[in-house]
Amino acid sequence: MKNKITASVFVIALLFLSRPFTSFAQSKSVWNNKPCAVVLTYDDAIDADLDNVIPALDSLKLKGTFYIIGSSPVVNKRLDEWRLAAKHGHELGNHSLFHPCDGSFPGRSWVGADYDLSKYTITRAVNEIKLNNTLLKAIDGRDKRTFAYPCGDLTIGGVNFYDQLKNDFVAARGVGSGMQAAADVNLVNIDCYGINGQSAEYMIALVKQAQKSHTLLVFLFHGVGGGHGINVDKNAHSALLHYLKQNEKDIWIAPMVDVAEKIKEYQESIGKK
């Protein structure tokens, strides 16, 4: 009896200890055979994207995702540059046509009445996002892309408007912070870390955490070196990019659409809905 108990304890302990290694092996297969994945996202289609970010990414042969507001004047006046960015492998994601935000929330007095999401209908929100997809396809010719919720707002009148858009996108990025293993990523509302003035050391520490935990890390940037009220220092951003490049053998750095497709395939293979 004693030998049987000892053997059972040994088997249980072995299974428990093997779980991290199994999880790592599964995650590694999703992250393009690397320990973790990092996605660089940039919101709002501003001049700094084209002046500061894309040249920095291209110089290191890194790819990012740019969430485009279709009505941004920077889209209209620099259309050829956005088209070239897509040709170079960057994703042009959908950040809606007019960037509507829910003005009923505290601290949202800046939201204009015309684009107050709380006054939208579901149909209006969905149609504007679909129209932005049409615009983006006219720029890059692509059918697959991801969405980013303006202001991180998910609902209209308590209803998640993205439910009617699931067939139009591979996934959607939110604004909540966190890192998950591939099996735990919520493709309807992917977590990220919003950057506003944090140091290079802070951002690199997040990457190191993802490397150790074998998880997905998504950065959310607005201004880089200026151009937006939410901003990160250009040199700090550069230091992050150089760290990623130096550790590229251990980090999958790719646009959101590519990473989300791999996660979706993996989750379907394990029966997650």
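Read on for a plain summary of the structure. Predicted model, so just to flag it, every value in this text is computed and none were measured. (Residues numbered from 1 in each chain as written. Predicted model: local features only at pLDDT ≥ 70, side-chain atom pairs only at ≥ 80, totals over all residues. Heavy atoms only, no water.)

### Things to note about the overall build of the chain
Now for step 1: Looking only at helices and strands, the chain features eight helices and 12 strands.
Now for step 2: Looking at the chain as a whole, 49% of its 273 residues are labelled buried.
Now for step 3: Split by element, the accessible area of the chain, about 13,200 Å² in all, is 55% carbon and sulfur. (Helix = DSSP H or I, 4+ residues; strand = E, 2+ residues; numbered from the N terminus. Buried < 20%, exposed > 50% of the residue type's maximum accessible area, 1.4 Å probe, protein only. Areas by Shrake-Rupley, 256 points an atom, 1.4 Å probe, with all protein chains shown as cover.)

### Focus on the environment of Ala37
Now for step 1: With respect to the secondary-structure elements, Ala37 resides in strand β1 (residues 36–43).
Now for step 2: Separated by 211 residues in the primary sequence, Ala37 and Glu248 have C-alpha atoms spaced 10.0 Å apart.
Now for step 3: Once you skip the residues sitting within four places of it in the chain, Ala37 turns out to touch Trp31, Thr215, Leu216, Leu217, Trp252 and Val259. (Contact = heavy atoms within 4.5 Å.)

### Considering unusual backbone geometry
Now for step 1: Positive phi is not limited to glycine here, since Asn32 has a value of about 55°.
Now for step 2: Mapped onto the elements of the fold, Asn32 is located in the loop between α1 (2–30) and β1.
Now for step 3: Asn32 sits in the partly exposed class, given a relative accessible area of 37%.
Now for step 4: Non-glycine residue Cys151 carries a positive phi angle of around 60°.
Now for step 5: Residue placement: Cys151 occurs in the loop between β4 (147–148) and β5 (155–156).

### Structural notes on the nonpolar core
Now for step 1: Of all hydrophobic cores here, the largest spans 43 residues; its most connected members are Leu40, Trp82, Phe219 and Phe221.
Now for step 2: Here this core gets six residues from one element, more than from any other, and that element is helix α6 (residues 200–213).
Now for step 3: Grouped together as the second largest cluster of nonpolar side chains are 24 residues, Trp31, Tyr67, Trp252 and Ala260 included. (Core = buried A, V, L, I, M, F, W, Y, C linked by side-chain atoms within 4.5 Å.)

### Let's talk about the packing of aromatic side chains
Now for step 1: Under the counting rule described, the total for this entry stands at 12 aromatic pairs.
Now for step 2: With centroids separated by 5.7 Å and ring planes inclined at 20°, the aromatic side chains of Phe219 and Phe221 adopt a geometry described as stacked.
Now for step 3: A network of ring pairs unites the aromatic residues Tyr42, Phe66, Trp82, Phe219 and Phe221 as a single cluster.
Now for step 4: Between the NZ or CZ atom of Arg124 and the centre of the ring of Tyr120, over which it lies, the distance is 3.7 Å. (Phe/Tyr/Trp six-rings, centres within 6.5 Å; stacked < 30°, edge-to-face > 60°. Lys NZ or Arg CZ within 6 Å of the ring centre and 35° of its normal.)

### Things to note about the pairing of strand β3 (residues 91–94)
Now for step 1: The side-chain alternation of β3 yields two buried faces, one formed by Glu91 and Gly93 and the other by Leu92 and Asn94.
Now for step 2: Sheet analysis places strand β2 (residues 65–68) next to β3, joined by four bridges and oriented parallel. Each bridged residue has a counterpart across the sheet, and for Tyr67 the counterpart in β3 is Gly93. (Pairing = 2+ DSSP bridges.)

### Overview of the packing of helix α4 (residues 79–87) against helix α5 (residues 122–140)
Now for step 1: At a closest axis distance of 8 Å, the pairing of α4 and α5 adopts a crossing angle of 75°. With respect to their mutual orientation, α4 and α5 come out roughly perpendicular. In this structure, α4 contributes Leu79, Trp82, Arg83 and Ala86 to the contact, and α5 contributes Ala138, Ile139 and Asp140.
Now for step 2: Split into classes, the residues belonging to the contact of α4 with α5 amount to five nonpolar, no polar and two charged. (Axes fitted to C-alpha atoms, helices over the stretch in contact; angles between N-to-C directions. Parallel < 35°, antiparallel > 145°, perpendicular 65-115°, else oblique. Nonpolar A, V, L, I, M, F, W, Y, C, P; charged D, E, K, R; others polar.)

### Comments concerning helix α7 (residues 234–246)
Now for step 1: Here α7 is 13 residues long and its end C-alpha atoms lie 18 Å apart, about the 18 Å a rise of 1.5 Å per residue gives.
Now for step 2: Residues Ala236, His237, Leu240, Leu241, Tyr243 and Leu244 constitute the buried set of α7. The buried residues of α7 occupy an angular sector of 160° when the element is viewed end-on, so they sit on one face. Across α7 from its buried face, at more than 90 degrees, point the exposed residues Asn235 and Gln246. (Expected span 1.5 Å × (residues − 1). Arc of directions from axis to C-beta.)

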